[in-house]
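Here are the chains, one letter per residue:
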Amino acid sequence: METDFLLNMATELHETIFVAKQERHKNLFLNYKNLNIFPVELLKDEGLLFLERLYMKRNSLTCLPDNLAQKLPNLIELYLHSNNIVIIPEAIGNLARLQSLDLSDNALQLLCPDIGRLRALRHLRLSNNRLNYLPPEIGDLQELETLDVAMNQLMSLPDRLHRCVSLQNLTADHNLLGRVPRQLCWLPRLNQLSMAANQLTFLPLDLGRSRELQFVFVDNNVELEGLPSYLYNKVIGCSGCGLSLGGMEGAAGEASGEASGEASGEALMGLPAEVKVIGSKADGVVPLEELAMRTLHRFYRHWPAGEDGLGLLPPIALPKSLLDLLQFPVGHCHRCSQAMFTIIYPKRFPLRDTALAGVHRRTTVSFVAYCCSSRCLQNFDLQG
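Worth saying up front: this structure is predicted, and the values here are computed from it rather than measured.

### Considering the overall build of the protein
For the protein, the count of helices and strands is seven helices and 16 strands. Expressed as a percentage of its 384 residues, the buried residues of the protein come to 52%. A fraction of 46% describes how many contacts in the protein between residues 6 or more apart in sequence connect residues 24 or more apart. Within the structure as shown, the protein displays about 18400 Å² of accessible surface, and the carbon and sulfur contribution to it stands at 51%.

And the structure:
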């Protein structure tokens, strides 16, 4: 009985591919075909030169052929959702026209750097795999609009993601992420960022500064105590955040919502290493190192822009770490937009005291404004 069923499946598969070749089909549906190897009929002779969309969801494939691009050179969309694929060949990079690649719900443990050669790719879905690392070459995908890496084992995201200048939707829920690269704040088209159920302790100071970013979901990051105040007028999700520690409650008790020196340092301990000082409203002088960095930054801003739009660095003998920091400041003052490098002045507004308190009941987080001076700290108003 089972043998007859398998035989019928094989006959049906053969006929489907034969008709597709004869009639030059652009779409081929091979979902639910009980496939455990890639059909050889697709790779015979000249292949399917006219095929643009191949659907092979919910099979039992474990690998892809090396000559896939040679036999199916005009593929635009490839759907391999719900298989058992462990690794994809380096030759995947030869699919020059590919715009959508779905490898969700597989067993991927490694993503080859050649993924960065898919320069036409617009949608990449890798959710529910076993990935613990993303190659930096993903940053070469300048047409990429959607990246979904949820439900993996990622501990970090590549800093070079900021080169994906077309990225609109980034989903990285249910991973092991401890931080969000602050370079992502520079993505010009990013509209939705979702990093729920990770291990985030803080968010980049500039997150939400872009008008394009409208949706941010960081629910169930239990160590996350504060949200940048740039997110105040965005659609945010933060339920289940700030539940593991009670430190925020004590500091948030001040009537003005301002953070005291000791309490703010404790609550904001997850800030980038470049932040060396947390200032208070009593400070009257900005440290010399910070003033020097701000001066250099202003100089760089007026230097001619390069092809990547980030500016060509003038020939100044500075360590690379400082040059990188000049290109991507730790943050910008939430009051006056002054770039900041080594010192911040935080001002806290408990979410329970804002209009969003009724929306986010299961959280103890606060909005935090990061200012460049004691003057901006005193003048900042969350609703202003």
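### Structural notes on the confidence of the model for the protein
On average, the protein scores 86 in pLDDT, and the residues at 70 or more come to 85%. Below a pLDDT of 50 lies the segment residues 246-267, which in the model reaches 32 contacts outside its immediate sequence neighbourhood of four places, other chains included.

### As for helix H5 (residues 288-301)
Between the first and last C-alpha of H5 there are 20 Å, a value that for 14 residues agrees with the 20 Å anticipated at 1.5 Å per step. Among the residues making up H5, those that are buried are Glu290, Met293, Arg294, His297 and Tyr300. Here the buried residues of H5 occupy an arc of 120 degrees about the axis, which is enough to place them on one side. Looking at the buried side of H5, the elements it contacts are helix H6 (320-327), strand E14 (339-340) and strand E15 (343-350).

### Examining the nonpolar core
Grouped together as the largest cluster of nonpolar side chains are 102 residues, with contacts concentrated most on Leu54, Ile88, Leu170, Met195, Leu227 and Phe367. Elements with a minimum of two residues in this core: helix H1 (2-22), helix H2 (68-71), H5, H6, E14, E15, strand E16 (366-371) and helix H7 (374-379). With five residues, E16 is the largest single contributor of residues to this core.

### Examining the sheet that holds E15
Spatially, the four strands line up as an open sheet ordered E10-E16-E15-E12, and their pairing is mixed. With one partner strand each, in any of the chains shown, strand E10 (226-228) and strand E12 (277-278) form the two edges of the open sheet. Pairing of E10 with E16 involves three bridges; the strand directions are parallel. Looking at E16, one finds that leucine 227 is bridged to phenylalanine 367.

### Some points on the pattern of salt bridges
Counting across every chain of the model gives 11 salt bridges. Measuring nitrogen to oxygen at the nearest pair gives 3.0 Å for the salt bridge that ties aspartate 140 to arginine 160. One end of the pair, aspartate 140, is in the loop between strand E5 (123-125) and strand E6 (146-148); the other, arginine 160, is in the loop between E6 and strand E7 (169-171), and 20 residues separate them in sequence. Exposure remark for arginine 160: the relative accessible area of 26% places this residue in the partly exposed category. A salt bridge links glutamate 289 to lysine 276; its shortest N-O distance comes to 2.9 Å. Of this pair, glutamate 289 sits in helix H5 while lysine 276 sits in the loop between helix H4 (261-267) and E12, placing them 13 residues apart in sequence. Residues participating in the shared-partner salt-bridge network are Glu52, Arg53 and Glu77.

Cut-offs used in this document
- Residues numbered from 1 in each chain as written.
- Predicted model: local features only at pLDDT ≥ 70, side-chain atom pairs only at ≥ 80, totals over all residues.
- Heavy atoms only, no water.
- Helix = DSSP H or I, 4+ residues; strand = E, 2+ residues; numbered from the N terminus.
- Buried < 20%, exposed > 50% of the residue type's maximum accessible area, 1.4 Å probe, protein only.
- Contact = heavy atoms within 4.5 Å.
- Areas by Shrake-Rupley, 256 points an atom, 1.4 Å probe, with all protein chains shown as cover.
- pLDDT = per-residue confidence, 0-100.
- Expected span 1.5 Å × (residues − 1).
- Arc of directions from axis to C-beta.
- Core = buried A, V, L, I, M, F, W, Y, C linked by side-chain atoms within 4.5 Å.
- Pairing = 2+ DSSP bridges.
- Salt bridge = Lys/Arg side-chain N within 4 Å of Asp/Glu carboxyl O.

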